[in-house]
Amino acid sequence: MTNIAIIGASGYTGATLAELIAQQPGLTLCGLYVSENSADSGKPLSELYPNLLDKVSLPLKPLTTEALAALCQHADGVCLATDHLVSAQLAPQLLEAGLSVFDLSGGHRFSDPEIYSKFYGFEHPSPELLSQAQYGLSNWYGAGIAKSKLIAVPGCYPTASLLALKPIAALLNPQMMPVINAVSGVSGAGRKASLTSHFCQVSLTPYGVLGHRHLPEIETQLGTKVVFTPHLGNFKRGILATITVQLEAGTTPAQVEEAYHCYDNSKVKLLPQGHWPKVDDVAGSDCALIGWKLDSERNTLVVACAIDNLMKGAASQALECITIHFGMEAA
Ligand SMILES: NC(=O)C1=CN([C@@H]2O[C@H](COP(=O)(O)OP(=O)(O)OC[C@H]3O[C@@H](n4cnc5c(N)ncnc54)[C@H](OP(=O)(O)O)[C@@H]3O)[C@@H](O)[C@H]2O)C=CC1
Ligand SMILES: CC(=O)N[C@@H](CCC(=O)OP(=O)(O)O)C(=O)O
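Definitions and cut-offs
- Residues numbered from 1 in each chain as written.
- Chains lettered and ligands numbered in written order.
- Predicted model: local features only at pLDDT ≥ 70, side-chain atom pairs only at ≥ 80, totals over all residues.
- Heavy atoms only, no water.
- Core = buried A, V, L, I, M, F, W, Y, C linked by side-chain atoms within 4.5 Å.
- Buried < 20%, exposed > 50% of the residue type's maximum accessible area, 1.4 Å probe, protein only.
- Helix = DSSP H or I, 4+ residues; strand = E, 2+ residues; numbered from the N terminus.
- Contact = heavy atoms within 4.5 Å.
- Near = heavy atom within 4 Å.
- Polar contact = N/O pair within 3.5 Å; in protein donor to acceptor, adjacent residues only side chain to side chain.
- Areas by Shrake-Rupley, 256 points an atom, 1.4 Å probe, with all protein chains shown as cover.
- Domains from an automatic or database assignment.
- UniProt positions renumbered as here; feature names shortened; annotations may be inferred.

1. Thoughts on the nonpolar core
Okay, step 1: Core analysis: the largest hydrophobic core is formed by 37 residues, its most contacted members being Ile 168, Ile 180 and Leu 301.
Okay, step 2: When contributions to this core are tallied by element, the ones reaching two or more residues are helix H7 (156-165), strand E8 (179-184), helix H8 (214-222), strand E11 (239-246), helix H9 (253-259), strand E13 (288-295) and strand E14 (300-307).
Okay, step 3: In terms of residue count, the dominant contributor to this core is H7 (seven residues).
Okay, step 4: For Leu 301, the contacting residues outside a window of four places in its chain are Ile 168, Ile 243, Thr 244, Val 245, Leu 247, Val 256, Trp 292, Lys 293 and Leu 294.

2. Some remarks on the site of ligand 1
Okay, step 1: If you check the shell around ligand 1, you find 26 residues, and the closest are Ser 10, Thr 13, Ser 35, Ser 38 and Thr 82.
Okay, step 2: In the environment of ligand 1, an oxygen atom lies 2.6 Å from a nitrogen or oxygen atom belonging to the side chain of Ser 10.
Okay, step 3: Ser 38 is positioned such that a nitrogen or oxygen atom in its side chain is 2.6 Å from an oxygen atom of ligand 1.
Okay, step 4: Within the complex, 81% of the 900 Å² of free accessible area of ligand 1 lies under protein.
Okay, step 5: Residue-level mapping places the shell around ligand 1 at the junction of two domains, with at least three residues from each of domain 1 (2-132) and domain 2 (156-309).

3. Section: the UniProt feature "domain: Semialdehyde dehydrogenase NAD-binding" (unreviewed entry) in the protein
Okay, step 1: Under the present numbering, the feature "domain: Semialdehyde dehydrogenase NAD-binding" (unreviewed entry) in UniProt falls on residues 3-148.
Okay, step 2: Split by type, residues 3-148 is 36% helix and 18% strand. Its first and last C-alpha atoms lie 18 Å apart.

4. Topic: the site of ligand 2
Okay, step 1: With respect to spatial proximity, 17 residues lie near ligand 2, and among them Arg 109, Cys 156, Tyr 207, Arg 213 and His 214 are the closest.
Okay, step 2: Note that an oxygen atom of ligand 2 is positioned 2.4 Å from one of the side-chain N or O atoms of Arg 213.
Okay, step 3: Within the contact set of ligand 2, an oxygen atom lies 2.3 Å away from a side-chain nitrogen or oxygen of His 214.
Okay, step 4: Burial of ligand 2 by the protein amounts to 85% of the accessible area it has alone, namely 440 Å².

See below:
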């Protein structure tokens, strides 16, 4: 059995991942942690999420210095479902103890530390680790995920955007930037109360325009500049990224369809041309759905990718990274 602990287990992604790990043959959930002074420490996770009754019986423990040292002794892997800076501060000790680290935050997604000061608002505390991290887009980087001890699980918008764009990267007209408009459900903002995620305040609106931290993440992984506009939608779960690109002149629908065959036999599903995914089709699911339509006269392709932000956009992709890393079959 491979022992996995989760730090930040009371949050939306941490709790979602706890349920997935508890169901995964070959994995044992060996500890659930919150911050040292958390109001939730000592509570069973199922007290916060009654849907986990009979599924996850562990209590939430405060991450004291002693608890961290003990965790380093008995876990094989640790998932960091914590804020970016908290993850960046915790990773060195865990790696030094020989553990595999699966960071769901953005704390290790860039090799260039400058991006942290520019887009995340902090100086990275251990920039020397960044070159060791493997970006965990699981459908694309299996070999690296198997080898590296530090896996940077991608952000939710980048997952949806990159799953749609990477297969067609060679078909893109380099003169035109892909334009990504994406809408996320409110759970993307995490469990903590805030004015922007308050029920009475939420109404469809763009945010983070021309400066969201997922812009450099998408550009780094795609190798080209993009326009990225995230939107907050008044629903709980899911992301729909609708992307407009110009393709090289003469690209045919058959070439587009052929490019997406890279996902055959995976959890990324291509819909027939002109059929569009809905967020509700993937809410709670570990699948991604991709719809597309090509205007061959204008060489304009619209491609839409729907995922659940808490699953393929975070927890189920983290589980895929764990099973790839430890050489297991997915459940
Ligand atoms: N929500 C989403 O759709 C996605 C989120 N992510 C990323 O995943 C990470 C977690 O997100 P999410 O689950 O939404 O966040 P939440 O705010 O819902 O949860 C954060 C968790 O971290 C705990 N925590 C806070 N400070 C510490 C600390 N110092 N030590 C240990 N635990 C701590 C919190 O508990 P407490 O405060 O009680 O200690 C809570 O359990 C973030 O980096 C986020 O950006 C990535 C992809 C998608
Ligand atoms: C709706 C909402 O607020 N979404 C979050 C994205 C969550 C995510 O993917 O988190 P990472 O920071 O780990 O990349 C945001 O825009 O900040």
